[in-house]
Amino acid sequence: MSTSYRHWRIEREAEGLVWLWFDKADAGTNTLSAEALGEFDRVLTALEQAPPAGLIIASAKTAGFVAGADVREFSELDSAAGARALIERGWHIFNRLAGVSYPTLALIRGHCLGGGLELALACRYRVVVDEPVTKLALPEVMLGIVPGWGGMKRLPATIGPAAALDLMLTGKSVDAKKARRLGLADECVPPRVMDKAARTLVLSGRPRRALPFMHRLMNGPLKGLVAKKARAQVAARARSEHYPAPYAIIDTWLEHDGNALAAERQMATIFGSPTAKNLVRVFFLQERLKGFGKDCDFAARRVHVIGAGVMGGDIAAWCALRGMTVTLQDQSVERIAPAIARAAKLFDRKFRNDRRQARFALDRLIPDPQGHGASRADVIIEAIFEDLEAKRALFADLERRARPHAVLASNTSSLRLEDIAVALQDPARLVGIHFFNPVAMLPLVEVVSGARSDALMVRKAMAFVRGIDKLPLPVRSAPGFLVNAVLGPYMLAALRCVDEGIAAETIDAALEAFGMPIGPVELVDTVGLDIAMAAGKALTGGAADQPPRRLAELHGSGRLGRKSGEGFYRWIDGKAQKSTQGEIPAGLAERIIEPLLEATRRCVEEGVVDDGDLADAGVIFGTGFAPFTGGPMNYLRMRGADGEIPAIDGARIAPNH
Ligand code: NAI
């Protein structure tokens, strides 16, 4: 048998069992590049000459099983022919794998994503290893494309269409236990018995698991109904002109039994769409953010957080969730208690299936009213009131007690880092680590360099942010940094529209139609009108224009938004009570977006971030700015390039209306 493979290794055992190890050359992670897939096809040809008693496909990488197709090759998406070739490649090879005469099994440990799961689905059996790192998903929809290598056919046939569509339309992942429960895996086993379990199952002759009767009906005569329901669910989240892929997944399953090649016209639209290109761009922007801090071997284990309020409490909880030992300081135990209670809820939610992990996380979060933890911490994060003198006094004291190499950071939103740093003997030690509210939801964290911040401290701060699984964005100290500097003018524009008499509902509907995850008026209510007022003052230096009239009125009467039960909307059970939205005036969304685009451009020009790509990454991951646009700078470019941009209603509109 040929052994001349770069990416695969064949091992024959007694009884004719063959192990096929995927070990992508020159890479830490297995991806199914054109070359790796081509070789896999050759492996199948070689095995045909002497069919094994059973074939087990496993990964030789510690990182995981297979992370998916090689996203770098997605540049082929530019042409219809390229897209077709990309789909054909995996579709045919995995059909071939599904059709071999001998039993096949995928042994899945760690991530098993996209094309990797499609490969596993083409095997007769799947064994998953029960570890937290094991995650199975078809996340293609997040890149604006579809699981064209058989996922749309085999996932519904394996776990039933309701669960399959849910996974494919959201891109979300399941862990090993859930995979077993869904029937996606035949067995879920601990690592120490995984090889034996795989050997036994592949040679067992056990018939393929049959789909329960109800699921067969749903994958047959009741398909139309299932599709209708799925379409309604997608429509509530994503508009087809912005995100065509989820709709195409439903149609391809419904009309072509998941064969993307048969839905050629639709595929050409999907794969050639600006959305797919822009979402692939967003994927690489995210990779770039993930790379920050990699050049630094700082591994924080102990974190000390001062201020157990809205932010400090949630920052501390997040750090404990991610495995750090955290001490949380405030002026009294009573002030710390609510934060601990919130944290307990977060841990319960995150570790729903593992009570022990939830308890360990809570054990790692230590109330520390005296602040003893400061002298042992690797990272100290200050999140007390927005008061310059209080912060100065705190840092002067902290500097004396902190370990010499510990990172000293402030979470301030509006104070100048340089103004706080004057209280330090060594002002270079201070950096900003600026989280967003709610901490558990927003992936971005701005890492702020002040004029005198030490570059090594900044790198350490970024490594820490990666260590708690957030995306660090390096920014320079400037009012509002990046995210608030672009959100401020955007929210201001929306509130000026309110003052003109346009209903909040209409404004929010216009921006949601543009692709924002939440309308700007609802956002102001969520952030809190007190914070919006303060942010407005800070961004304009306290001078400039009057604040929006309605904002000032509501604020003056103590209606602070969601937290007080009323702001621009009335809030019941955490939901804004909206009346009908009314007709959206032409150009309304563009008028409110324009200041955001302008502010982003200014931040790039002024060097708040190093380049336009980082600005796009920050605005997308920090505000949820419509990802299908590829970010504000990309949006401006697209608009400039062809003089026209896709309009909200799918028609074309001229720029600068
Ligand atoms: P908060 O008012 O909810 O909490 C502040 C906490 O700090 C209080 O529990 C208070 O008892 C405690 N505190 C005050 N002085 C202290 C001291 N000397 N020692 C120990 N504890 C002390 O405030 P919030 O909203 O959490 O903001 C904290 C910081 O985070 C501020 O700098 C703010 O600019 C920043 N920030 C706030 C965001 C938000 O959406 N609320 C978002 C991002 C940053």
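These numbers were taken from a predicted model, which means no experiment stands behind them.

*Asks:* Help me out: how do you make sense of the overall build of the protein in this one?
*Replies:* Within the protein, the secondary structure is distributed over 26 helices and 22 strands. Here the C-alpha radius of gyration of the protein, 27 Å, is about what a compact globule of 657 residues would show, namely 26 Å. Judged by the C-alpha coordinates and their principal axes, the protein covers about 80 × 60 × 40 Å. With 657 residues in all, the protein has 53% of them scored as buried. Long-range pairs, those at least 24 residues apart, make up 71% of the contacts in the protein between residues at least 6 apart in sequence.

*Asks:* So what exactly am I meant to see when it comes to unusual backbone geometry here?
*Replies:* The amide bond that connects Asn 437 to the next residue, Pro 438, takes the cis arrangement and shows omega of 0 degrees. Within the fold, Pro 438 resides in the loop between strand 16 (430–434) and strand 17 (444–449). The phi dihedral of Asp 469 is positive, around 65 degrees, even though this residue is not glycine. Among the structural elements, Asp 469 can be located in the loop between helix 18 (455–467) and strand 18 (471–476). By relative accessible area, which is 46% here, Asp 469 ends up partly exposed.

*Asks:* How should the domain arrangement of the protein be read in this particular structure?
*Replies:* Much of the literature gives interface size as the accessible area that the parts lose upon coming together. Partitioning the protein into structural domains gives domain 1 (8–271), domain 2 (302–481) and domain 3 (484–592). One C-alpha centre belongs to domain 1, the other to domain 2; they are set 40 Å apart.

*Asks:* What's the story with the side chain of Ser 410 in this structure? I'm lost.
*Replies:* Relative to the assigned elements, Ser 410 resides in strand 15 (residues 407–410). A distance of 3.1 Å separates a polar atom in the side chain of Ser 410 from the backbone nitrogen of Thr 412. The contact partners of Ser 410, leaving out residues within four places of it in the chain, are Glu 382, Lys 391, Phe 395, Leu 417, Ile 420, Leu 430, Val 431, Gly 432 and Ile 433.

*Asks:* Is there a simple way to think about the nonpolar core in this case?
*Replies:* As a rule of thumb, soluble globular proteins bury nonpolar side chains together. With 127 residues, the main nonpolar core has Phe 347, Ile 433, Phe 464, Ile 507 and Leu 511 as its most contacted residues. Counting residues per element, this core draws most heavily on helix 19 (residues 483–499), at eleven residues. Counting only domains with at least three residues in this core, you end up with domain 2 (302–481) and domain 3 (484–592). For Leu 511, the residues in contact, after removing those within four places along its chain, are Tyr 490, Met 516, Pro 520, Ala 589, Ile 592 and Ile 593. Counting residues in hydrophobic clusters, the runner-up holds 78 residues, among them Phe 22, Val 66, Tyr 102 and Leu 155.

Criteria and cut-off values
- Residues numbered from 1 in each chain as written.
- Predicted model: local features only at pLDDT ≥ 70, side-chain atom pairs only at ≥ 80, totals over all residues.
- Heavy atoms only, no water.
- Helix = DSSP H or I, 4+ residues; strand = E, 2+ residues; numbered from the N terminus.
- Rg over C-alpha atoms; globule rule 2.2 N^0.38 Å.
- Buried < 20%, exposed > 50% of the residue type's maximum accessible area, 1.4 Å probe, protein only.
- Contact = heavy atoms within 4.5 Å.
- Domains from an automatic or database assignment.
- Polar contact = N/O pair within 3.5 Å; in protein donor to acceptor, adjacent residues only side chain to side chain.
- Core = buried A, V, L, I, M, F, W, Y, C linked by side-chain atoms within 4.5 Å.

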